[in-house]
Amino acid sequence: FVPRTEFQYYYRLQVPLSTIAPGCLNCLVLPQAQQKRRRVLFSIREPDWLLLFNRMKGRAGFAMVYMAIPIHSIEGHFDKYDPRVVHLFVRSTVRPHDVAAPISTQKNKWRITLFFDAMFDLKSNANKSDNSGSTAPGDDAKHKDALTALDYINMNRQRVRRKMLAQITDLVHDEPLKECASESPQAQTDEVECESMNKNMNVNVNVNVIDTQT
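Each chain carries its own residue numbering, running from 1 in the written order of its sequence. Per-residue local features are limited, in this predicted model, to residues with pLDDT of at least 70; the limit for side-chain atom pairs, both in listing and counting, is 80 or more; totals at the level of whole chains, interfaces and linings are taken over all residues. The side-chain figures draw on all heavy atoms in the structure; neither hydrogens nor water molecules are used.

**Student:** Please clarify how the overall build of the protein chain should be interpreted in this entry.
**Tutor:** Secondary structure follows DSSP: runs of H or I at least 4 residues long count as helices, runs of E at least 2 residues long count as strands, and numbering of each begins at the N terminus. Along the protein chain, the regular secondary structure elements total six helices and nine strands. To sort residues, take the accessible area from a 1.4 Å probe on protein chains only and compare it with the maximum for the residue type: under 20% means buried, over 50% means exposed, and anything in between is partly exposed. Counting over 214 residues, the protein chain shows a buried share of 40%.

Here it is in C-alpha cells:
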C-alpha cells in the first residue's frame, strides 16, 4: 500500500553496512543480453524487502543499494538445470530494475536471475575432501546459498501477503486486525515458522560476515 515514491529503500540509496550487511550472501545478477553481469551482496536483514547492494569504496562502513523490491511482489524458483541459479518473478506495473526482463506471456510480470556462486562452506568441504580424498563438494551443499535466499524470499513473501490480506479484511469487515489473524491457526503457525527462520539466519551472522569479507 506504499507508493514507489515513498519506498524505504531505492536504487543508489546509501545506508550503513551494519543495518543490511550482516549474514549477507554473495551472488551475481545475470542480466539480459548485451549487459554485464553484476556481483552484489544479498541482504537477509530486511524481511520486507529484496535488497541487493555493494560496499562503497569511497565511504567506509556504508553500502549503496543496487536493487530494492518489496518482497510481497516476488516469487522465487530454482532453475531446473542448475540449483545455484534462482529466477525471481516480479509483479509490477513498471519495470522494477534495468536488469528485469519482461515476460511476454504475462502482463506486468518481470524476471530477474541470480547466480549464487559462493555455494558451500569452505571449511566443511575441506574436511570432507580430506576424509574422502575428493575436492568436489557434496550434492547437499552445492546450492546452500541459493536455498537460503529462496527460503528467505518465499517465506517472507507469504508472511507479508498474509498481513496485507488481514488489513484488507479489516477494512472490508471493519473488524480488529487481531481478530482476523486469530481466526487462522495456520497463519499463526506460518508466522512463527517465518520468524524462526529469520532468527536462525542471524545466528551465524558473524561467521557469514567473515566469509563475505574473505
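**Student:** Hey, could you run me through the side chain of Asp82 in this one?
**Tutor:** Its place among the elements puts Asp82 in the loop between β6 (74–78) and β7 (85–91). Here Asp82 falls in the buried class, since its relative accessible area comes to 18%. Only 3.0 Å separates the side chain of Asp82 from the side chain of Arg84, close enough to count as a polar contact. Polar contacts here mean pairs of N or O atoms no more than 3.5 Å apart (in protein, one a potential hydrogen donor and the other a potential acceptor; neighbouring residues in sequence count only if both atoms are side-chain atoms).

**Student:** Just to check I follow, could you spell out the packing of aromatic side chains for this structure?
**Tutor:** Two measures describe an aromatic ring pair: the distance that separates the ring centres and the angle between the ring planes. Aromatic pairing here means that ring centres of Phe, Tyr or Trp (its six-membered ring) are within 6.5 Å. Orientation follows from the plane angle: under 30 degrees is stacked, over 60 is edge-to-face, and everything else is tilted. Summed over the entire model, instances satisfying the criterion amount to five aromatic pairs. Aromatic pair Phe42 and Phe116: ring centres 5.9 Å apart, planes at 65°, arrangement edge-to-face. Here Phe42, found in strand β3 (residues 38–42), pairs with Phe116, found in the loop between β9 (109–115) and α2 (122–132); they are 74 residues apart in sequence, far enough to count as distant. Taking the relative accessible area as the measure of exposure, Phe42 reaches 0% and is therefore buried.

**Student:** Sorry, what's going on with the pattern of salt bridges here?
**Tutor:** Any two side chains of opposite charge can pair, given that their charged atoms come close. Salt bridge, as applied in this entry: a Lys or Arg side-chain nitrogen positioned within 4 Å of an Asp or Glu carboxyl oxygen. Counted by the stated rule, this structure contains five salt bridges. Asp117 is the salt-bridge partner of Arg39, the closest N and O atoms lying 2.8 Å from each other. Taken together, the residues span a long stretch of sequence, with Arg39 in strand β3 and Asp117 in the loop between β9 and α2 at a distance of 78 residues. The class of Arg39 is partly exposed, set by a relative accessible area of 42%. Linked by salt bridges that have partners in common, Glu75, Lys109 and Arg157 make up one network.

**Student:** What am I meant to see in the state of the cysteines here?
**Tutor:** Each disulfide consists of a covalent bond between the sulfur atoms of two cysteine residues. The disulfide definition used here is simple: a pair of cysteine sulfur atoms within 2.5 Å. Counted under the stated rule, the structure contains zero disulfides. Here Cys24 is not cross-linked by a disulfide; its sulfur's nearest cysteine counterpart is in Cys27, at 9.6 Å. You can call Cys24 buried: its relative accessible area is 3%.

**Student:** Just to check I follow, could you spell out the environment of Asp79 for this structure?
**Tutor:** If you trace the backbone, Asp79 turns up in the loop between β6 and β7. Measuring from C-alpha to C-alpha, the distance between Asp79 and Leu114 comes to 9.9 Å, with 35 residues separating the pair along the chain. Note on contacts: a residue pair is in contact if any heavy atoms of the two residues lie within 4.5 Å. When sequence neighbours within four positions are dropped, the list of residues in contact with Asp79 reads Val85 and His87. For Asp79, the side chain forms a polar contact with the main-chain nitrogen of Tyr81, separated by 2.8 Å.

**Student:** Can you help me understand the nonpolar core in this one?
**Tutor:** By nonpolar core we mean a set of buried residues, namely Ala, Val, Leu, Ile, Met, Phe, Trp, Tyr and Cys, connected to one another through side-chain atoms within 4.5 Å. If you look at the biggest cluster of nonpolar residues, it comprises 28 residues, and the most contacted ones within it are Phe42, Leu50, Leu52, Ile112 and Phe116. Listed by contribution, the elements that provide at least two residues to this core are β2 (25–30), β3, β4 (49–55), β5 (62–70), β7, β9 and α3 (144–173). The contacts of Phe116, once residues within four sequence positions are left out, are Leu25, Asn26, Cys27, Phe42, Arg84, Val86, Asp145, Ala146 and Ala149. If you look at the next biggest cluster of nonpolar residues, it comprises 15 residues, including Ile20, Ala21, Phe53 and Ala68.

**Student:** Any chance you could explain α3 here in plain terms?
**Tutor:** Over its 30 residues, α3 runs 43 Å from end to end, which matches the ideal 44 Å to within 8%, given 1.5 Å per residue. Here α3 has its buried residues at Asp145, Ala146, Ala149, Leu150, Tyr152, Ile153, Asn156, Arg157, Arg159, Val160 and Ala166. Every helix has an expected span of 1.5 Å times one less than the residues it contains.

**Student:** Please explain a nonpolar patch on the surface as it appears in this structure.
**Tutor:** On the surface, a cluster of nonpolar side chains totalling about 320 Å² of accessible area is made up of Ile168, Leu171 and Val172. Tracing the backbone through its elements, the reader meets Leu171 in helix α3. Residues with no salt bridge and a relative accessible area higher than 30% make up the patches, which join like charges within 9 Å and nonpolar side chains (Val, Leu, Ile, Met, Phe, Trp, Tyr) within 5 Å. In short, Shrake-Rupley with a 1.4 Å probe defines the accessible areas, and a residue's cover is counted only from the protein chains shown.

**Student:** Which parts of the structure should I look at to understand unusual backbone geometry?
**Tutor:** Comment: phi is negative for the bulk of residues other than glycine, and the bulk of peptide bonds are trans. Despite not being glycine, Arg12 shows a phi value in the positive range, around 75°. Its place among the elements puts Arg12 in the segment before β1 (14–16). Owing to a relative accessible area of 49%, Arg12 belongs among the partly exposed residues under this scheme. At Asn108, a position not held by glycine, the phi torsion is positive, near 55°. Along the chain, Asn108 turns up in the loop between β8 (101–102) and β9.

**Student:** Can you walk me through the pairing of β9 in this structure?
**Tutor:** Where a strand is regular, its side chains alternate between the two sheet faces. Counting buried residues along β9, six of its seven residues qualify, which places the element largely inside the surrounding structure. Pairing between two strands requires that DSSP report at least two bridges joining them. Examined bridge by bridge, β2 and β9 share three bridges and lie antiparallel to one another. Its bridge partner being in β9, Leu30 is matched across the sheet by Thr113. Pairing geometry for β7 and β9, over seven bridges, is antiparallel. Within β9, the residue paired with Val86 across the bridge is Leu114. As defined by bridge partners, β8 adjoins β9 across two bridges and the pair is classed as antiparallel. Note that in β9 the partner of Ala101 across the bridge is Arg111. What sits between the antiparallel neighbours β8 and β9 is a turn of six residues, in which Asn108 has the positive phi angle 55°.

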